[in-house]
Amino acid sequence: MSTPESASRETLTRQQRNMALTEPIARLSRDRRVIFKDDPALAERLDVQYLALSAIDFVMERSAIEAGASPEDIVEHAAGEAVRMKPALTEKQGRKAGQVVLDHLSNAREGHKTFRVEYYDADRGGFSFQDFRLLALSAADDGSPRYKLARGAQTLTLAMLDVAPEFAQEAEAIMIRKAVERGRFEDAC
């Protein structure tokens, strides 16, 4: 039988694994000045986190209605968003930003291997690794390359859903119920 503390640790560990999924996108944002060192105008006031999330959303949409998104379509989409965000960018700069976003989401620098993020696993009482992909490369029926959302991006998208206020109230009620279940009635009130 699980105790309130073990249930809390299990929840926190799950949240740690979900948060680890954001690490490649956060790294892209953090390192953007180094990535675009040959073109500092690209790094300045370009929200690459937004571009990455927009690309994930684009791939999700294309995967629902088609066999996924081609690499060229993803680059063009992200490039369009970059130019929309920063109209002074040239088409070439926009495409470069789009390619960088796709390369980071697909872990091209590491040969398209899975991302590996270390996190504290409270269930185990030690550190664990999470291996995941954000984009999975496959072939369409015609043999052309297509990206679909991998489980990591699916989980990330679900974890970051924008929730309507009425659902937020339900979530608060769930949190209160969880606090009561964990024997923290004072915290729930």
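Let us look at the structure shown here. (Residues numbered from 1 in each chain as written. Predicted model: local features only at pLDDT ≥ 70, side-chain atom pairs only at ≥ 80, totals over all residues. Heavy atoms only, no water.)

### A short note on the pairing of strand β1 (residues 115–121)
Relative to strand β2 (residues 126–132), β1 is paired through seven bridges, and the arrangement is antiparallel. Bridge pairing links Val 117 to Gln 130 in β2. From the end of β1 to the start of β2, which pair antiparallel, there are four residues, and Gly 125 there has a positive phi angle of about 75 degrees. (Pairing = 2+ DSSP bridges. Helix = DSSP H or I, 4+ residues; strand = E, 2+ residues; numbered from the N terminus.)

### So, helix α2 (residues 23–30)
Within α2 the residues assigned to the buried category are Pro 24, Ile 25, Leu 28 and Ser 29. Mapping the buried residues of α2 onto a view down its axis gives an arc of 140 degrees, with all of them on the same face. (Buried < 20%, exposed > 50% of the residue type's maximum accessible area, 1.4 Å probe, protein only. Arc of directions from axis to C-beta.)

### Some thoughts on the pattern of salt bridges
One pass over the full model with this rule turns up nine salt bridges. Residue Glu 23 pairs with Arg 27 through a salt bridge whose shortest N-O separation is 2.7 Å. With Glu 23 and Arg 27 both in helix α2 and four residues apart, the pair spans about one turn of that helix. Between Asp 131 and Arg 116 there is a salt bridge, with the nearest N and O atoms lying 2.8 Å from each other. Pair noted here: Asp 131 is in strand β2 and Arg 116 is in strand β1, with a separation of 15 residues, a long-range link. Asp 131 gets classed as partly exposed once you look at its relative accessible area, which sits at 42%. The network of salt bridges with common partners includes Arg 62, Glu 66 and Asp 73. (Salt bridge = Lys/Arg side-chain N within 4 Å of Asp/Glu carboxyl O.)

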